[in-house]
Amino acid sequence: MLLNRIRRACFNLIHGRNLVYNSCWEDPRLDRVALKLTPDDNVLVITSAGCNALDYALAGAGHVYTVDMNRRQNALLELKLAGARGLDHETFFTIFGKGSHPSFEGVYREAMREHLSPSAQKYWDRKGKFFSPKGRRKSFYFRGSSGFFAYLANVYIKRGVKLRKGIDELLAAETLDQQQEIYARYQMRDKLWKPMVNWMLRRDVTLALLGVPRSQREQIDRGYPGGIVRFIVDRVETVFTKIPIQDNYFWRVYLTGQYTPDCCPEYLKLANFDRLKHDVVNRVTCETNSLLGFLEKHDKPISRFVLLDHMDWLYSNAPEVLAGEWQCILDRAAPKSRILWRSAGLSVDFVDPLQVQHQGRKTQVGELLRYERDLAAELHAVDRVHTYGSFYIAETNT
């Protein structure tokens, strides 16, 4: 249909020409438990903003391979690695923790640029302004397509519904009781979700800014009572009232434009900086490619796969690529490999039936996996991001 082609073109336009994710939107606290990382593990993960790749290396993985089709996402991870190599922690945290630096251009030229690939140099030579404290969007975390959405949300909170004071109080809350009291006192449920906001959340362009393709929206509309809008409202309310927010750096950075030293990803913490600088930077590599393209040429076993939620797009737009990807995953998997993925849907039914070749015969992917459903459910319930419909932990049988 013409409408579907237009929607897909819109999504591809946003993703193909922009930095989409300025921070990872998957909770690595869950992943650390699920992956059971050791120095013998080689991890393959979709780059996104690179925060979690650094987390896995800090957690003890032997090597982390990051792959992304969007070269801008890899350029961001390269910039973080370059910063770790060339900067002291105070400067590093000012740039990536506070989201801006008054002398970023000079710092970049003097201490970071030499550690970047030519492609990343070309990108940051043009986009260094992302870290400038000048202008309306004074933080890197208000840049990129998801950052632009965060900026609009903050304008709406401050000027549209005048909830800035309430949100700041909420982020400072120390207990769930305090969170619930603040949420109720400021009548956040009624004030935040105006009819215009609900209308915007149903638009494909709005969701594309957040990296949500139509296929994910349709999964939620089919499986969740009230569809995408009710799903988002319920998830936000859960984050604000049922999960401790003190260390929820995911929502803090989008609601304020910066982290704090006590509420930030592991790679930004002072206690981890020496390891980041002298060890982790040598155990993380990134490549601009598809997962399938990377796996087809990679000749070393991979024991841990972190697939994020990209299969939600593949299964409805490129099912042949999804089948080829799983063939390569199983071909490259070390014995008892662990595989994580997330989905917008409340349940995923498109992985297990995929046909692959295994030991000379055709079989279904589901026959080659052992799921840890109880552990996945337990972890999913305390996910600080809390925007995915489901979480999966699988281990290969061989």
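None of these values were measured; they are calculated from a predicted model. Counting of residues starts from 1 at the beginning of each chain's written sequence and follows it residue by residue. The predicted origin of the model limits local features to residues at a pLDDT of at least 70 and limits the giving and counting of side-chain atom pairs to 80 or more, whereas totals for whole chains, interfaces and linings rest on all residues. Computation of side-chain values covers all heavy atoms of the structure but excludes hydrogens and water.

### Thoughts on the pattern of salt bridges
Put simply, a salt bridge is a Lys or Arg side-chain nitrogen that is within 4 Å of an Asp or Glu carboxyl oxygen. Scanning the model with the defined rule gives 21 salt bridges in all. The residue Asp31 makes a salt bridge to Arg342 at a minimum N-O spacing of 2.8 Å. Pair noted here: Asp31 is in helix H2 (residues 28-35) and Arg342 is in strand S5 (residues 333-343), with a separation of 311 residues, a long-range link. Type-normalised accessible area, obtained with a 1.4 Å probe on protein chains alone, sets the label of each residue: buried when under 20%, exposed when over 50%, and partly exposed for intermediate values. Given a relative accessible area of 0%, Asp31 falls into the buried group. Arg342 gets classed as buried once you look at its relative accessible area, which sits at 2%. Notably, a salt bridge pairs Asp279 with Arg283, separated by 2.8 Å at the nearest N-O pair. One continuous salt-bridge network, built from bridges that share partners, spans Asp27, Arg29, Asp247 and Arg384. Secondary structure elements follow DSSP: runs of H or I of four or more residues count as helices, runs of E of two or more count as strands, with numbering from the N terminus.

### Some words on a nonpolar patch on the surface
For patch detection, residues must exceed 30% relative accessible area and be free of salt bridges, and they are connected within 9 Å for like charges or within 5 Å for nonpolar side chains (Val, Leu, Ile, Met, Phe, Trp, Tyr). Each accessible area value is a Shrake-Rupley result obtained with a 1.4 Å probe; residue values ignore everything except the protein chains displayed when judging cover. There is a patch of nonpolar side chains on the surface, built from Met196, Trp199 and Met200 and spanning about 330 Å² of accessible area. Among the structural elements, Trp199 can be located in helix H12 (residues 195-201). When its relative accessible area of 47% is taken as the criterion, Trp199 is described as partly exposed.

### A few points about the confidence of the model for the protein chain
Here the protein chain averages 93 in pLDDT, and 95% of its residues register 70 or above. Predicted confidence is poor over residues 1-15, with pLDDT under 50, and the contacts of this stretch with residues over four places away or in other chains come to 21 contacts. The predictor's confidence in any single residue is recorded as pLDDT, a number from 0 to 100. Contacts are assigned to residue pairs with any non-hydrogen atoms lying within 4.5 Å of each other.

### A few points about the layout of surface pockets
The volume enclosed by the second largest pocket comes to roughly 410 Å³. Together, 17 residues line the second largest pocket, and Arg136, Phe142, Tyr151, Asn154 and Lys158 are the ones closest to its centre. Among the elements of the structure, helix H8 (144-160), helix H9 (164-172) and helix H16 (249-256) are those that each provide at least two residues to the lining of the second largest pocket. Here the element with the most residues in the lining of the second largest pocket is H8; it accounts for five residues. Only Asp, Glu, Lys and Arg are considered charged, only Ala, Val, Leu, Ile, Met, Phe, Trp, Tyr, Cys and Pro nonpolar, and every remaining residue, Gly among them, polar. In terms of residue class, the lining of the second largest pocket is built from four nonpolar, five polar and eight charged. Grid spacing is 1 Å over the protein atoms alone, the probe is 1.4 Å, and a cavity is where that probe fits but cannot get out, while a pocket is an open set with protein on both sides within 12 Å along at least five of seven lines and lining residues have an atom within 4 Å of a point. Grid points are joined across faces, edges and corners, and a volume is the space filled by probe spheres set on the points.

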